[in-house]
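Letter by letter, the chains look like this.
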Amino acid sequence: MQSIIKEQAQELIRVNLNQFLKVSSFIPGDEIMEKHKLDYLTALAKTASLHNINFILDNIQMDPEQSIFLKELKIEILK
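Note that the structure is a prediction, hence the values are computed from the model and not measured. (Residues numbered from 1 in each chain as written. Predicted model: local features only at pLDDT ≥ 70, side-chain atom pairs only at ≥ 80, totals over all residues. Heavy atoms only, no water.)

Points about the environment of Ile5
Then, in step 1: On the secondary structure map, Ile5 appears in helix 1 (residues 2-23).
Then, in step 2: Each C-alpha atom of the pair Ile5 and Glu72 lies 7.0 Å from the other, and the pair is 67 residues apart in sequence.
Then, in step 3: In this structure, Ile5 is in contact with Phe69, Glu72, Leu73 and Glu76, ignoring residues within four places of it in sequence. (Helix = DSSP H or I, 4+ residues; strand = E, 2+ residues; numbered from the N terminus. Contact = heavy atoms within 4.5 Å.)

Some points on the pattern of salt bridges
Side chains that differ in charge, positive against negative, can pair when their charged atoms come close.
Then, in step 1: Counted according to the given criterion, the structure contains two salt bridges.
Then, in step 2: Two residues, Glu76 and Lys79, come together in a salt bridge whose shortest N-O distance is 3.3 Å.
Then, in step 3: Residue Lys79 is classed as exposed on the basis of its relative accessible area of 62%. (Salt bridge = Lys/Arg side-chain N within 4 Å of Asp/Glu carboxyl O. Buried < 20%, exposed > 50% of the residue type's maximum accessible area, 1.4 Å probe, protein only.)

Structural notes on helix 3 (residues 37-59)
Then, in step 1: For helix 3, built from 23 residues, the straight-helix expectation of 33 Å at 1.5 Å per residue is met to within 8% by its first-to-last C-alpha distance of 32 Å.
Then, in step 2: Inspection of helix 3 places Lys37, Leu41, Ala45, Ala48, Ser49, Leu50 and Ile53 among the buried residues, and these make up the whole buried set. (Expected span 1.5 Å × (residues − 1).)

Considering the confidence of the model for the chain
Then, in step 1: In this model, the chain carries a mean pLDDT of 84, and residues with pLDDT of at least 70 account for 84%.
Then, in step 2: Within the chain, the element-level pLDDT minimum falls on helix 2 (residues 31-35), averaging 66, and the maximum on helix 4 (residues 64-78), averaging 91. (pLDDT = per-residue confidence, 0-100.)

What about the packing of helix 1 against helix 3?
Then, in step 1: Direction vectors running N to C along helix 1 and helix 3 enclose 125 degrees, while the axes themselves pass 8 Å from each other. The pairing of helix 1 with helix 3 is recorded here as oblique in orientation. Viewed along their axes, helix 1 and helix 3 form a crossing whose handedness is right-handed. Contact with helix 1, carried on its side by Leu12, Ile13, Asn16, Leu17, Phe20 and Leu21, involves Leu38, Leu41, Thr42, Leu44, Ala45, Lys46, Ala48, Ser49, Asn52 and Ile53 of helix 3 and no other residues of that element.
Then, in step 2: The residue makeup of the contact of helix 1 with helix 3, split by class, is 11 nonpolar, four polar and one charged. (Axes fitted to C-alpha atoms, helices over the stretch in contact; angles between N-to-C directions. Parallel < 35°, antiparallel > 145°, perpendicular 65-115°, else oblique. Left-handed = near helix turned anticlockwise from the far one by under 90°. Nonpolar A, V, L, I, M, F, W, Y, C, P; charged D, E, K, R; others polar.)

Re the nonpolar core
Taken as a class, soluble globular proteins show a tendency for nonpolar side chains to be buried jointly.
Then, in step 1: Core analysis: the largest hydrophobic core is formed by 11 residues, namely Ile5, Ala9, Ile13, Leu17, Leu41, Ala45, Leu50, Ile53, Leu70, Leu73 and Ile77.
Then, in step 2: Breaking this core down by element, the ones donating at least two residues are helix 1, helix 3 and helix 4.
Then, in step 3: Discounting residues that sit within four places of it in the chain, Leu17 has contacts with Leu38, Leu41, Thr42 and Ala45. (Core = buried A, V, L, I, M, F, W, Y, C linked by side-chain atoms within 4.5 Å.)

Structure (structure tokens):
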């Protein structure tokens, strides 16, 4: 189960990161920003992933097992 959660967390971050990379050319920046752009965008992707999960937990009724899975997914993203 832990490996599934880890895979899902990585996939969710990857999907969000890809979206940010598509628009990253619109983010103005200097040398420092360019050097750390991937770290910055990865942090944004993690934040977006957590917001997505929180939205689902707050607005969609689900059985306890699904809710536990999403909460464990949040923990994995935060690692």
